[in-house]
Structures are given as structure tokens and as C-alpha cells.
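# What the coordinates show
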Amino acid sequence: MNVAGFEFPEALFFHAEHQVWARLEGDGTATVGITAMGVGQAGEIYMCRPKQVGAVVGQGQGMAVVELAKSIVSVKSPVSGTVVAVNGQLAATPELVHTDPYGAGWLARLELADWAADAVALLHGDAVVAPMQHQAWLFRQAEGPA
Amino acid sequence: MSGYTAQPADGIALLLWAADPADPQRLATPFFHAAAAAALELPVEVYFTARSVHLLVPGVAAGLRASPLFDKTILDAMREAHAHGARFFVCTDALHAQGLAGQPLIAECSGHGGALQFMARAGDLRWRSLVF
């Protein structure tokens, strides 16, 4: 579905405040990344460094650091768990986060620690619309008049 | 413990020595690096010495930009590093030398710390130290 000009695939789970997504892989792991809205609001991404395999991450804790034009941002994880894979392509081609945020621009895959608890804070399906519209409004307010 | 590197240092200590408010094009870099290190979940300490202590006086960093092409001020860069977890320390001797002793400093300054504290970090093999 499209919200405020950005795509939010219906199969994914989203964290509105942190603008990250999770895709359940059906084997106890989830792939995670940054939403199209998050990427669009961030601007150009120069570098993206996920945590290493083996790192333990809590929901809402840093899972990657991105270097933007004139800014450093800590990307928060939508789920808790242990990093079991990272997207090695990002080191050479960080623009994948921009060009394919829900595909080749994934950040990491985590072995889930407590999906039932994490799911409470995540949005799915039609529940995505209103919170994401609100996030888009907050961003416009922060940016000020064009 | 940082999950970003295989063998993370215990922390990063940055000494601001040549970072001079009169030369603002050099001033974003140390705070950008401090922000990056702190975002990588490394403890970061920034030691303000010599003329860099002026950056901690309210209003000074807010009026400086590293480039006329940037809308962010040096204070914005300092606050970004601080928001990621970097801690700022000011050299007592430098405050006296610059005639700033007793002046209020910006809230992001954690307190006093100078040669002894920085060199203790530099002498600790588990820490890394950089001079700007």
C-alpha cells in the first residue's frame, strides 16, 4: 500500500517511530531494513554499517549506523534477536538502501528472541496507514515550510 | 559492548587542540567522527583544550558553520555527537588561559577534564585517542 507517497508492502511489519521493517522468514528469523519513507526522509546515504553476525540486539536498539550528508543516524531494530546475517553488498553499494529498500537494500537477518513481545509494537496491514501518515506529518513539521 | 566490530576498543578519546573557532571549516569533522563512534556504541569522550574551549560558551558554536553551503551549525554537530552518547570535558587551564573561568558553559559539557584524564585514556591500550 502507499502512504504519504511511500510504499509499505503488506507482508511486512513496521515500526512507525523508527521507520524500520521486518519480514518473517518462517524459520524463526526475520529480515530487517529501513522503510521507503525513512530512506526518503533521510536523504542520500553515504555508508551503512549493520552490526556483525552474533551481535545481540533488542527491539528499539541500534542495529546499524548510516552516514548521511552531514549527519550520523543509528537505525533501531524492529525486533529483538541475534544477528545471523548481514547484507554484505551495502559496503560497496549503500545506495541499495535507496533503490530497493525492501529487497536488495535489506540490512540484516536476526534469529528472533521473542516475536510475540516484539509484535505488539509493530504495525501490519491496514494498521500501518494512520501512524505512517502521522510520521509523515511530523517530518513535514520538522522540516518547516519549503 | 559494540556489536559493530570484532574487537571493539573500550572507548575513543578525542582531544580538540587545533580546533579553533576562528577556523570553522575544521570544526565539524571532530564532532562528526565523535557522533559516528558513539553511534557505533563506543564510549566517546571529547576533551576541549586551547581555543576550542570557546565552543562551549553559549552562543559561540551556534554562530559557526563549517561551510556556507551547510545549514547545520557547529552547535548542531556538537549536539548530534552528544545525542549519540559522546561526553564533553573542558580543560580548566584552558578556560583560565582564554579568560573564560567562571563563565557558564553549554549544558552538553559534562564537566572538567584535561591533560591527566586524556593521557590516562591515551595510555590505556584498550582506548584509542585522536587529536584534532
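Let us look at the structure shown here. (Residues numbered from 1 in each chain as written. Chains lettered and ligands numbered in written order. Predicted model: local features only at pLDDT ≥ 70, side-chain atom pairs only at ≥ 80, totals over all residues. Heavy atoms only, no water.)

## A few points about the pairing of strand 5 (residues 29-34) of chain A
Remember that side chains alternate between the two faces of the sheet whenever the strand is regular. Residue and element names in this part refer to chain A. Quick reminder of the rule: Burial classification: accessible surface area is computed with a 1.4 Å probe over protein chains only, and a residue below 20% of its type maximum counts as buried, one above 50% as exposed, and the rest as partly exposed. Numbered from the N terminus, helices here are DSSP runs of H or I no shorter than four residues, and strands are runs of E no shorter than two. At least two DSSP bridges between two strands are needed for those strands to be called paired.
Counting buried positions over the 6 residues of strand 5 gives 6, a clear majority of the element. Pairing analysis gives 5 bridges linking strand 4 (residues 20-24) to strand 5, with the strands arranged antiparallel. Of the residues in strand 5, the one forming a bridge with Ala22 is Val32. The turn linking strand 4 back onto strand 5 is made up of 4 residues, and Gly26 within it adopts a positive phi angle of 85 degrees. Judged from the 4 bridges that link them, strand 5 and strand 11 (residues 108-112) form a sheet pairing that is antiparallel. Its bridge partner being in strand 11, Ala30 is matched across the sheet by Leu110.

## A few points about helix 1 (residues 28-39) of chain B
Residues and elements named next belong to chain B. Formally: How far a helix is expected to stretch is found by multiplying one less than its residue total by 1.5 Å.
Compared with an ideal rise of 1.5 Å per residue, which puts 12 residues at 16 Å, helix 1 spans 16 Å between its outermost C-alpha atoms and is within 8% of the ideal. Looking only at helix 1, the buried set comprises Pro30, Phe31, Ala34, Ala35, Ala37, Ala38 and Ala39. Positive phi shows up at Glu41, right after helix 1, with a value of about 65 degrees.

## A closer look at the sheet that holds strand 4 (residues 109-112) of chain B
Residues and elements named next belong to chain B. Heads up, the condition is: All axes are obtained by fitting lines to C-alpha atoms, using only the stretch in contact for helices, and the reported angles, taken between N-to-C directions, cover 0 to 180 degrees. Every residue pair with non-hydrogen atoms within 4.5 Å of one another is taken to be in contact.
The 5 strands lie next to each other as 4-3-2-1-5, forming an open sheet whose pairing is parallel. Strand pairing shows two members of the sheet lacking a second neighbour, strand 4 and strand 5 (127-131), which therefore form its edges. Mean inter-strand twist for the sheet, computed between neighbouring axes without regard to direction, equals 25 degrees. By the bridge criterion, 3 bridges tie strand 3 (residues 87-90) to strand 4 in an arrangement that is parallel. The residue bridging Phe88 from the neighbouring strand is Cys109, located in strand 4. Packed on one face of the sheet, helix 1 meets strand 1 (11-16), strand 2 (44-48) and strand 3 and runs near 160 degrees to strand 2.

Any functional reading would require information beyond the geometric quantities listed.
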